[in-house]
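# Results of the structural survey
Spelled out, the chains give:
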Amino acid sequence: MLQAKTKDGRTITLATMNHESIIKLKATGTLYYCPVCGKQVIMKVGIKTIPHFAHKSTADCPSYKGGEGVYHEQGKLMLYQWLMRHNMKVELEVFLPEIQQRPDILVTWNNRRIAIEYQCARVPDKIIKLRNEGYQSVGIIPIWIAGATLFTRYQANSFRIDQFTKQLMQQYNPQMPPVLYYFCPHTAQLAILQDIFITTSTQAIGKLHISALEKRKFTDLFHLQSFTNTELQLLWQKQKYKFRHAQGRKAYGNELTWRRWLYSKGFHLENLPSIIHLPIATQYRMKIPLWNWQSKVCLEIIDPLPMKGLFSIGECQHLLFRQQYNSNYFPLCISQTTPVQEYLRLLERLQVIQKVSKDVYKKFQPITFYHHIEEAVQGDNQLVKELFSQKSNIIRA
Ligand SMILES: [Zn+2]
(Lines give C-alpha, C1' and ligand atoms only; values in the text may rest on other atoms or scores of the structure.)
Protein backbone atom coordinates (compact mmCIF):
# COMPACT_ATOMS: atom_id res chain seq x y z
CA MET A 1 0.00 0.00 0.00
CA LEU A 2 1.12 3.52 -0.73
CA GLN A 3 -0.21 5.11 2.45
CA ALA A 4 0.03 4.39 6.14
CA LYS A 5 -0.90 6.23 9.32
CA THR A 6 1.21 7.28 12.28
CA LYS A 7 0.10 6.74 15.87
CA ASP A 8 -1.26 10.30 16.02
CA GLY A 9 -3.32 9.75 12.86
CA ARG A 10 -1.22 11.50 10.22
CA THR A 11 -1.31 9.94 6.72
CA ILE A 12 2.06 9.34 5.15
CA THR A 13 2.53 8.76 1.42
CA LEU A 14 6.15 7.81 0.88
CA ALA A 15 5.93 7.89 -2.90
CA THR A 16 5.31 11.63 -2.95
CA MET A 17 8.43 12.35 -0.85
CA ASN A 18 12.00 12.55 -2.10
CA HIS A 19 14.51 9.88 -1.18
CA GLU A 20 16.40 12.03 1.30
CA SER A 21 13.29 12.87 3.34
CA ILE A 22 12.29 9.22 3.37
CA ILE A 23 15.67 8.19 4.75
CA LYS A 24 15.38 10.88 7.42
CA LEU A 25 11.89 9.74 8.30
CA LYS A 26 13.03 6.16 8.51
CA ALA A 27 15.80 7.16 10.92
CA THR A 28 13.25 8.59 13.38
CA GLY A 29 12.02 5.05 14.07
CA THR A 30 8.37 6.12 13.90
CA LEU A 31 5.89 3.27 13.76
CA TYR A 32 3.32 3.07 10.98
CA TYR A 33 -0.06 1.42 10.88
CA CYS A 34 -2.41 0.14 8.20
CA PRO A 35 -5.33 2.60 7.82
CA VAL A 36 -7.70 -0.32 7.35
CA CYS A 37 -6.85 -3.00 9.90
CA GLY A 38 -4.71 -0.91 12.26
CA LYS A 39 -1.88 -3.43 12.33
CA GLN A 40 1.68 -2.29 12.13
CA VAL A 41 3.18 -2.00 8.64
CA ILE A 42 6.77 -1.60 7.57
CA MET A 43 8.43 0.77 5.13
CA LYS A 44 9.67 -0.74 1.90
CA VAL A 45 12.25 1.55 0.38
CA GLY A 46 14.52 0.44 -2.43
CA ILE A 47 16.19 2.09 -5.36
CA LYS A 48 14.13 0.33 -8.01
CA THR A 49 10.75 0.17 -6.31
CA ILE A 50 8.20 2.75 -5.39
CA PRO A 51 8.54 3.41 -1.68
CA HIS A 52 5.54 1.87 0.00
CA PHE A 53 4.30 0.10 3.12
CA ALA A 54 3.75 -3.59 3.58
CA HIS A 55 1.97 -5.71 6.16
CA LYS A 56 4.07 -8.19 8.04
CA SER A 57 1.27 -10.61 7.37
CA THR A 58 -1.49 -9.69 4.93
CA ALA A 59 -3.66 -12.67 5.74
CA ASP A 60 -6.33 -10.95 7.81
CA CYS A 61 -6.39 -7.40 6.45
CA PRO A 62 -9.59 -6.62 4.51
CA SER A 63 -7.59 -4.24 2.30
CA TYR A 64 -5.45 -7.04 0.95
CA LYS A 65 -6.36 -7.81 -2.63
CA GLY A 66 -3.87 -10.54 -3.27
CA GLY A 67 -1.09 -10.93 -5.76
CA GLU A 68 -0.51 -7.23 -6.33
CA GLY A 69 3.14 -6.23 -6.42
CA VAL A 70 5.35 -3.29 -7.18
CA TYR A 71 4.08 -2.99 -10.75
CA HIS A 72 0.62 -2.45 -9.36
CA GLU A 73 1.70 0.09 -6.73
CA GLN A 74 3.61 2.07 -9.31
CA GLY A 75 0.77 2.10 -11.83
CA LYS A 76 -1.74 3.08 -9.17
CA LEU A 77 0.42 6.00 -8.10
CA MET A 78 0.92 7.18 -11.69
CA LEU A 79 -2.80 7.07 -12.37
CA TYR A 80 -3.45 8.96 -9.15
CA GLN A 81 -0.87 11.64 -9.98
CA TRP A 82 -2.24 11.93 -13.51
CA LEU A 83 -5.72 12.68 -12.18
CA MET A 84 -4.31 15.13 -9.63
CA ARG A 85 -2.52 17.01 -12.39
CA HIS A 86 -5.82 17.34 -14.20
CA ASN A 87 -7.32 18.90 -11.07
CA MET A 88 -9.69 16.06 -10.44
CA LYS A 89 -10.98 15.41 -6.95
CA VAL A 90 -9.22 12.14 -6.17
CA GLU A 91 -8.45 10.05 -3.11
CA LEU A 92 -5.86 7.32 -2.94
CA GLU A 93 -6.58 3.98 -1.27
CA VAL A 94 -9.54 5.31 0.67
CA PHE A 95 -11.34 2.69 2.73
CA LEU A 96 -15.12 2.65 2.43
CA PRO A 97 -16.36 1.08 5.66
CA GLU A 98 -19.99 0.73 4.48
CA ILE A 99 -18.91 -1.83 1.87
CA GLN A 100 -15.58 -2.86 3.40
CA GLN A 101 -13.80 -2.04 0.15
CA ARG A 102 -10.80 0.04 -0.68
CA PRO A 103 -10.65 1.19 -4.30
CA ASP A 104 -7.20 2.07 -5.59
CA ILE A 105 -8.44 5.53 -6.51
CA LEU A 106 -11.74 7.22 -5.76
CA VAL A 107 -12.73 10.05 -8.11
CA THR A 108 -15.53 12.48 -7.43
CA TRP A 109 -16.64 13.96 -10.70
CA ASN A 110 -19.88 15.76 -11.62
CA ASN A 111 -21.36 14.69 -8.27
CA ARG A 112 -20.63 11.07 -9.04
CA ARG A 113 -18.22 8.80 -7.30
CA ILE A 114 -16.08 6.60 -9.50
CA ALA A 115 -13.86 3.85 -8.14
CA ILE A 116 -10.83 3.16 -10.28
CA GLU A 117 -9.42 -0.29 -9.81
CA TYR A 118 -6.04 -0.91 -11.34
CA GLN A 119 -6.04 -4.67 -11.69
CA CYS A 120 -2.77 -6.38 -12.53
CA ALA A 121 -3.33 -9.85 -11.13
CA ARG A 122 -5.69 -12.43 -12.50
CA VAL A 123 -8.20 -13.20 -9.76
CA PRO A 124 -11.31 -15.41 -9.86
CA ASP A 125 -14.13 -13.60 -11.69
CA LYS A 126 -16.31 -14.00 -8.61
CA ILE A 127 -14.07 -11.50 -6.80
CA ILE A 128 -14.42 -8.89 -9.53
CA LYS A 129 -18.15 -9.45 -9.56
CA LEU A 130 -18.44 -8.98 -5.77
CA ARG A 131 -16.39 -5.79 -5.88
CA ASN A 132 -18.55 -4.39 -8.66
CA GLU A 133 -21.70 -5.24 -6.76
CA GLY A 134 -20.29 -3.61 -3.63
CA TYR A 135 -19.56 -0.35 -5.45
CA GLN A 136 -22.86 -0.33 -7.26
CA SER A 137 -24.79 -0.96 -4.02
CA VAL A 138 -23.67 2.47 -2.77
CA GLY A 139 -23.95 4.25 -6.12
CA ILE A 140 -20.26 4.19 -7.00
CA ILE A 141 -19.34 3.54 -10.63
CA PRO A 142 -16.44 1.11 -10.91
CA ILE A 143 -13.92 1.44 -13.74
CA TRP A 144 -11.30 -1.23 -14.24
CA ILE A 145 -7.94 -0.49 -15.73
CA ALA A 146 -5.99 -3.67 -16.30
CA GLY A 147 -2.25 -4.02 -16.02
CA ALA A 148 -0.65 -4.14 -19.45
CA THR A 149 0.83 -7.50 -18.46
CA LEU A 150 -2.68 -8.89 -18.97
CA PHE A 151 -2.81 -7.65 -22.53
CA THR A 152 -1.97 -10.08 -25.31
CA ARG A 153 -2.16 -8.77 -28.82
CA TYR A 154 -2.19 -11.12 -31.80
CA GLN A 155 -2.50 -8.70 -34.67
CA ALA A 156 -3.14 -4.98 -35.12
CA ASN A 157 -6.74 -5.32 -34.04
CA SER A 158 -6.95 -8.76 -32.58
CA PHE A 159 -6.22 -9.68 -29.00
CA ARG A 160 -6.79 -12.29 -26.33
CA ILE A 161 -9.96 -12.25 -24.25
CA ASP A 162 -10.93 -14.67 -21.52
CA GLN A 163 -13.41 -15.08 -18.72
CA PHE A 164 -11.34 -12.75 -16.53
CA THR A 165 -10.90 -9.89 -19.01
CA LYS A 166 -14.58 -10.16 -19.91
CA GLN A 167 -15.35 -9.21 -16.30
CA LEU A 168 -13.42 -5.95 -16.71
CA MET A 169 -15.29 -4.85 -19.82
CA GLN A 170 -17.53 -1.83 -19.59
CA GLN A 171 -20.41 -1.03 -21.87
CA TYR A 172 -21.51 2.54 -21.19
CA ASN A 173 -23.98 2.74 -24.00
CA PRO A 174 -26.35 -0.07 -25.01
CA GLN A 175 -25.84 0.80 -28.69
CA MET A 176 -22.09 0.38 -28.50
CA PRO A 177 -19.93 -2.67 -27.94
CA PRO A 178 -17.87 -2.78 -24.73
CA VAL A 179 -14.51 -1.18 -23.88
CA LEU A 180 -11.36 -2.29 -22.03
CA TYR A 181 -8.49 -0.25 -20.57
CA TYR A 182 -4.86 -1.23 -20.01
CA PHE A 183 -2.08 0.74 -18.41
CA CYS A 184 1.64 0.09 -18.25
CA PRO A 185 3.63 1.98 -15.60
CA HIS A 186 6.93 1.18 -17.33
CA THR A 187 6.04 2.92 -20.57
CA ALA A 188 3.44 5.27 -19.02
CA GLN A 189 1.06 4.35 -21.80
CA LEU A 190 -2.66 3.92 -21.64
CA ALA A 191 -4.35 1.60 -24.10
CA ILE A 192 -8.04 1.93 -24.81
CA LEU A 193 -9.61 -0.97 -26.59
CA GLN A 194 -12.99 -0.06 -28.01
CA ASP A 195 -15.65 -1.47 -30.22
CA ILE A 196 -14.88 -4.98 -29.01
CA PHE A 197 -16.35 -7.92 -30.88
CA ILE A 198 -15.64 -11.37 -29.53
CA THR A 199 -14.64 -13.68 -32.38
CA THR A 200 -13.73 -17.03 -30.78
CA SER A 201 -13.71 -18.38 -27.24
CA THR A 202 -10.30 -16.78 -26.59
CA GLN A 203 -10.06 -13.93 -29.07
CA ALA A 204 -11.70 -10.67 -29.96
CA ILE A 205 -11.20 -7.76 -32.30
CA GLY A 206 -11.24 -4.20 -31.05
CA LYS A 207 -10.17 -0.72 -32.05
CA LEU A 208 -6.96 -0.09 -30.17
CA HIS A 209 -5.65 3.34 -29.21
CA ILE A 210 -2.38 3.53 -27.34
CA SER A 211 -1.03 6.85 -26.17
CA ALA A 212 0.99 8.41 -23.39
CA LEU A 213 -1.12 8.78 -20.27
CA GLU A 214 0.01 12.39 -20.15
CA LYS A 215 -1.78 13.10 -23.42
CA ARG A 216 -5.09 11.79 -22.12
CA LYS A 217 -7.77 13.47 -20.09
CA PHE A 218 -10.00 11.57 -17.69
CA THR A 219 -12.99 12.17 -19.96
CA ASP A 220 -11.14 10.45 -22.84
CA LEU A 221 -12.07 7.19 -21.12
CA PHE A 222 -15.65 7.78 -22.19
CA HIS A 223 -14.88 9.13 -25.61
CA LEU A 224 -15.78 6.17 -27.72
CA GLN A 225 -14.27 5.64 -31.11
CA SER A 226 -15.37 2.84 -33.33
CA PHE A 227 -14.18 0.98 -36.38
CA THR A 228 -15.22 2.35 -39.74
CA ASN A 229 -17.55 0.15 -41.76
CA THR A 230 -14.73 -0.73 -44.12
CA GLU A 231 -12.45 -1.76 -41.26
CA LEU A 232 -15.13 -3.98 -39.75
CA GLN A 233 -15.97 -5.48 -43.11
CA LEU A 234 -12.36 -6.50 -43.79
CA LEU A 235 -11.84 -7.79 -40.26
CA TRP A 236 -14.98 -9.86 -40.31
CA GLN A 237 -14.28 -11.27 -43.75
CA LYS A 238 -10.98 -12.48 -42.35
CA GLN A 239 -12.77 -14.08 -39.39
CA LYS A 240 -15.17 -15.83 -41.73
CA TYR A 241 -12.30 -17.13 -43.82
CA LYS A 242 -10.59 -18.55 -40.73
CA PHE A 243 -13.83 -20.16 -39.63
CA ARG A 244 -14.38 -21.85 -42.99
CA HIS A 245 -10.87 -23.27 -42.93
CA ALA A 246 -10.99 -24.57 -39.36
CA GLN A 247 -12.00 -28.06 -40.46
CA GLY A 248 -8.47 -29.39 -40.47
CA ARG A 249 -7.71 -28.13 -36.96
CA LYS A 250 -8.13 -30.42 -33.99
CA ALA A 251 -11.16 -29.78 -31.84
CA TYR A 252 -11.72 -30.43 -28.14
CA GLY A 253 -14.50 -30.02 -25.58
CA ASN A 254 -17.40 -27.87 -26.72
CA GLU A 255 -15.96 -27.50 -30.17
CA LEU A 256 -15.69 -31.25 -30.65
CA THR A 257 -19.26 -31.75 -29.43
CA TRP A 258 -20.43 -29.11 -31.86
CA ARG A 259 -18.55 -30.63 -34.82
CA ARG A 260 -20.05 -34.03 -34.04
CA TRP A 261 -23.48 -32.51 -33.88
CA LEU A 262 -22.90 -30.80 -37.22
CA TYR A 263 -21.69 -34.06 -38.73
CA SER A 264 -24.73 -35.91 -37.38
CA LYS A 265 -26.89 -33.43 -39.30
CA GLY A 266 -24.94 -34.21 -42.46
CA PHE A 267 -23.03 -30.91 -42.65
CA HIS A 268 -19.44 -29.75 -42.81
CA LEU A 269 -18.05 -26.29 -42.13
CA GLU A 270 -17.90 -25.50 -45.83
CA ASN A 271 -21.61 -26.18 -46.33
CA LEU A 272 -22.88 -23.83 -43.66
CA PRO A 273 -24.86 -20.77 -44.73
CA SER A 274 -23.10 -17.40 -44.44
CA ILE A 275 -25.58 -16.22 -41.82
CA ILE A 276 -23.79 -18.43 -39.29
CA HIS A 277 -20.94 -16.66 -37.47
CA LEU A 278 -22.13 -13.06 -37.55
CA PRO A 279 -20.71 -10.41 -35.18
CA ILE A 280 -22.78 -9.81 -32.04
CA ALA A 281 -21.93 -7.02 -29.59
CA THR A 282 -23.32 -8.91 -26.58
CA GLN A 283 -21.47 -12.16 -27.40
CA TYR A 284 -19.72 -11.85 -23.99
CA ARG A 285 -22.94 -13.21 -22.53
CA MET A 286 -22.60 -16.54 -24.36
CA LYS A 287 -20.61 -19.46 -23.04
CA ILE A 288 -20.03 -20.90 -26.53
CA PRO A 289 -18.66 -19.36 -29.75
CA LEU A 290 -20.83 -17.45 -32.19
CA TRP A 291 -20.90 -20.19 -34.84
CA ASN A 292 -22.00 -22.76 -32.30
CA TRP A 293 -25.18 -21.10 -31.08
CA GLN A 294 -26.02 -19.37 -34.35
CA SER A 295 -25.95 -22.69 -36.16
CA LYS A 296 -28.36 -24.11 -33.57
CA VAL A 297 -30.83 -21.30 -34.28
CA CYS A 298 -30.46 -21.68 -38.06
CA LEU A 299 -30.40 -25.45 -38.37
CA GLU A 300 -32.72 -26.48 -35.54
CA ILE A 301 -35.31 -23.71 -35.68
CA ILE A 302 -35.38 -21.73 -38.93
CA ASP A 303 -34.25 -24.24 -41.57
CA PRO A 304 -36.85 -26.97 -40.81
CA LEU A 305 -39.71 -24.44 -41.08
CA PRO A 306 -41.74 -24.16 -44.30
CA MET A 307 -41.67 -20.74 -45.98
CA LYS A 308 -43.65 -18.23 -43.88
CA GLY A 309 -43.51 -20.66 -41.00
CA LEU A 310 -43.51 -18.97 -37.57
CA PHE A 311 -41.15 -19.21 -34.62
CA SER A 312 -40.68 -17.21 -31.44
CA ILE A 313 -37.72 -15.60 -29.70
CA GLY A 314 -38.71 -17.71 -26.70
CA GLU A 315 -38.04 -20.92 -28.62
CA CYS A 316 -34.53 -19.74 -29.49
CA GLN A 317 -33.87 -18.56 -25.94
CA HIS A 318 -35.06 -21.90 -24.62
CA LEU A 319 -32.80 -23.80 -27.00
CA LEU A 320 -29.78 -21.82 -25.76
CA PHE A 321 -30.87 -21.36 -22.19
CA ARG A 322 -27.90 -23.17 -20.65
CA GLN A 323 -25.39 -21.47 -22.91
CA GLN A 324 -26.05 -17.95 -21.65
CA TYR A 325 -24.96 -16.01 -18.59
CA ASN A 326 -27.59 -14.08 -16.66
CA SER A 327 -27.86 -10.42 -17.54
CA ASN A 328 -26.55 -9.53 -14.06
CA TYR A 329 -23.41 -11.58 -14.58
CA PHE A 330 -21.78 -8.57 -16.25
CA PRO A 331 -22.92 -5.64 -14.10
CA LEU A 332 -20.75 -3.13 -16.01
CA CYS A 333 -22.41 -3.85 -19.33
CA ILE A 334 -25.74 -2.16 -19.61
CA SER A 335 -27.09 -3.66 -22.79
CA GLN A 336 -30.71 -4.72 -22.48
CA THR A 337 -30.69 -7.07 -25.45
CA THR A 338 -29.68 -10.70 -25.44
CA PRO A 339 -27.33 -12.17 -28.06
CA VAL A 340 -30.30 -14.08 -29.53
CA GLN A 341 -32.37 -10.92 -29.97
CA GLU A 342 -29.41 -9.20 -31.55
CA TYR A 343 -28.91 -12.10 -33.95
CA LEU A 344 -32.56 -12.28 -34.97
CA ARG A 345 -32.51 -8.55 -35.65
CA LEU A 346 -29.59 -9.08 -38.00
CA LEU A 347 -31.37 -11.91 -39.80
CA GLU A 348 -34.40 -9.69 -40.12
CA ARG A 349 -32.35 -6.90 -41.72
CA LEU A 350 -30.80 -9.45 -44.05
CA GLN A 351 -34.36 -10.43 -44.96
CA VAL A 352 -33.92 -14.05 -43.97
CA ILE A 353 -36.79 -13.67 -41.49
CA GLN A 354 -39.54 -11.13 -40.93
CA LYS A 355 -40.95 -9.81 -37.70
CA VAL A 356 -44.61 -10.66 -37.19
CA SER A 357 -45.09 -9.36 -33.66
CA LYS A 358 -42.96 -8.42 -30.67
CA ASP A 359 -41.77 -11.96 -30.08
CA VAL A 360 -42.64 -13.81 -33.26
CA TYR A 361 -40.82 -14.04 -36.58
CA LYS A 362 -41.62 -15.81 -39.84
CA LYS A 363 -39.23 -17.43 -42.25
CA PHE A 364 -38.96 -15.22 -45.29
CA GLN A 365 -36.26 -16.81 -47.42
CA PRO A 366 -34.98 -20.36 -47.73
CA ILE A 367 -31.60 -20.85 -46.09
CA THR A 368 -28.93 -21.55 -48.70
CA PHE A 369 -26.18 -24.08 -48.10
CA TYR A 370 -22.95 -24.28 -50.08
CA HIS A 371 -21.52 -27.15 -52.07
CA HIS A 372 -17.84 -26.37 -51.74
CA ILE A 373 -15.55 -24.04 -49.90
CA GLU A 374 -14.81 -21.58 -52.74
CA GLU A 375 -18.50 -20.96 -53.14
CA ALA A 376 -18.87 -20.54 -49.38
CA VAL A 377 -16.02 -18.02 -49.09
CA GLN A 378 -17.46 -15.99 -51.93
CA GLY A 379 -20.90 -16.04 -50.31
CA ASP A 380 -19.42 -15.00 -46.95
CA ASN A 381 -17.60 -12.04 -48.46
CA GLN A 382 -20.77 -10.92 -50.17
CA LEU A 383 -22.83 -11.17 -47.01
CA VAL A 384 -20.29 -9.41 -44.80
CA LYS A 385 -20.09 -6.63 -47.35
CA GLU A 386 -23.83 -6.27 -47.23
CA LEU A 387 -23.71 -6.24 -43.45
CA PHE A 388 -21.32 -3.33 -43.19
CA SER A 389 -21.59 -1.38 -46.39
CA GLN A 390 -25.07 -0.03 -45.88
CA LYS A 391 -25.25 3.65 -45.11
CA SER A 392 -26.02 2.95 -41.50
CA ASN A 393 -24.07 -0.11 -40.52
CA ILE A 394 -26.72 -2.65 -39.60
CA ILE A 395 -24.62 -4.12 -36.82
CA ARG A 396 -25.06 -0.95 -34.80
CA ALA A 397 -28.49 0.18 -35.91
ZN1 LIG B 1 -4.22 -3.82 6.99
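Residues numbered from 1 in each chain as written. Predicted model: local features only at pLDDT ≥ 70, side-chain atom pairs only at ≥ 80, totals over all residues. Heavy atoms only, no water.

### Quick notes on the sheet that holds strand β12 (residues 180–184)
One open sheet accounts for 9 strands, arranged β6-β7-β8-β9-β12-β13-β14-β11-β10; its pairing is mixed. This sheet does not close on itself; its edge strands, each paired only once, are β6 (89–92) and β10 (153–155). Neighbour-to-neighbour, the strand axes of the sheet open up by a mean angle of 35°, direction not taken into account. Note: strand β11 (residues 158–160) against strand β14 (residues 203–212), 3 bridges, orientation antiparallel. Pairing of Ser 158 across the sheet is with Ile 205, part of β14. In this fold helix α5 (residues 229–244) packs onto β10, β13 (189–198) and β14, with an angle of close to 140° to the strand it touches most, β14. (Pairing = 2+ DSSP bridges. Helix = DSSP H or I, 4+ residues; strand = E, 2+ residues; numbered from the N terminus. Axes fitted to C-alpha atoms, helices over the stretch in contact; angles between N-to-C directions. Contact = heavy atoms within 4.5 Å.)

### Some words on the domain arrangement of the protein chain
Partitioning the protein chain into domains gives domain 1 (1–64), domain 2 (66–226) and domain 3 (230–389). Between the C-alpha centres of domain 1 and domain 2 there is a distance of 26 Å. Taken together, the contact between domain 1 and domain 2 spans 13 residues of the former and 13 residues of the latter. Note on domain 1 versus domain 2: buried area summed over both sides is about 1,200 Å², and carbon and sulfur give 66% of it. Between domain 1 and domain 2 we count 0 salt bridges in total. Taken together, domain 1 and domain 2 are joined by 4 residue pairs in polar contact (both at pLDDT 80 or more). (Domains from an automatic or database assignment. Buried area = accessible area lost by both parts, 1.4 Å probe. Salt bridge = Lys/Arg side-chain N within 4 Å of Asp/Glu carboxyl O. Polar contact = N/O pair within 3.5 Å; in protein donor to acceptor, adjacent residues only side chain to side chain.)

### Let's talk about the pairing of β13
Most of β13 sits inside the fold, with 9 of its 10 residues counted as buried. Bridging between β12 and β13 involves 5 bridges; their strand directions are antiparallel. From the neighbouring strand, Tyr 181 faces β13, where its bridge partner is Ile 192. Hairpin connection of β12 to β13: 4 residues between the antiparallel strands, including Ala 188 at a positive phi of 55°. (Buried < 20%, exposed > 50% of the residue type's maximum accessible area, 1.4 Å probe, protein only.)

### Let's talk about the sheet that holds strand β3 (residues 32–33)
Pairing between sheet strands relies on hydrogen bonds along the backbone, with the strands arranged either parallel or antiparallel. The strand order across the open sheet formed by 5 strands is β2-β1-β3-β4-β5, and the pairing between neighbours is antiparallel. Where the open sheet ends on each side, the last strands, each with one partner, are β2 (11–13) and β5 (52–55). When strand β1 (residues 3–6) meets β3, the two strands line up antiparallel, connected through 2 bridges. Bridge pairing in β3 places Lys 5 opposite Tyr 33.

### Brief notes about the pairing of strand β4 (residues 40–44)
Where β3 meets β4, 2 bridges bridge the pair, whose relative direction is antiparallel. Bridging across to β4, Tyr 32 finds its partner in Val 41. Between β3 and β4, which pair antiparallel one after the other, the connecting turn spans 6 residues, and Gly 38 there sits at a positive phi close to 80°. Of the strand pairs in this sheet, β4 and β5 are connected by 4 bridges, and their pairing is antiparallel.

### Quick word on the layout of surface pockets
Considered as a void within the structure, the largest pocket measures approximately 590 Å³ in volume. Looking at the lining of the largest pocket, the elements with two or more residues in it are α4 (163–168), α5 and α6 (253–264). Its residues assigned to classes, the lining of the largest pocket shows 10 nonpolar, 9 polar and 8 charged. Taken domain by domain, the lining of the largest pocket gets at least three of its residues from each of domain 2 (66–226) and domain 3 (230–389). (1 Å grid on protein atoms, 1.4 Å probe; cavity = no way out; pocket = protein on both sides within 12 Å on 5 of 7 lines; lining within 4 Å. Points joined across faces, edges and corners; volume = space filled by probe spheres on them. Nonpolar A, V, L, I, M, F, W, Y, C, P; charged D, E, K, R; others polar.)

### As for unusual backbone geometry
Even without being glycine, Asn 110 reaches a positive phi, approximately 50°. With respect to the helices, strands and loops of the structure, Asn 110 is situated in the loop between β7 (105–109) and β8 (112–119). For Asn 110, a relative accessible area of 58% puts it in the exposed group. In this structure, Lys 308 takes a positive phi of about 70° despite not being glycine. Tracing the backbone shows Lys 308 in the loop between α7 (290–302) and β15 (310–312). For Lys 308, a relative accessible area of 62% corresponds to the exposed category.

### Observations regarding the packing of aromatic side chains
If you walk through the whole model with that rule in mind, you get 17 aromatic pairs. Between Tyr 284 and Phe 330, the ring centres sit 5.2 Å apart and the planes meet at 75°, which makes this aromatic pair edge-to-face. Note that Tyr 284 is positioned in the loop between α6 and α7 and Phe 330 in the loop between α8 (313–319) and α9 (339–349), a separation of 46 residues in sequence. Relative accessible area serves as the criterion here: at 2%, Tyr 284 is assigned to the buried category. Residue class for Phe 330 comes out buried when judged on its relative accessible area of 3%. Aromatic side chains Tyr 329 and Phe 330 sit 5.2 Å apart centroid to centroid with 70° between the ring planes, which places their arrangement in the edge-to-face category. (Phe/Tyr/Trp six-rings, centres within 6.5 Å; stacked < 30°, edge-to-face > 60°.)

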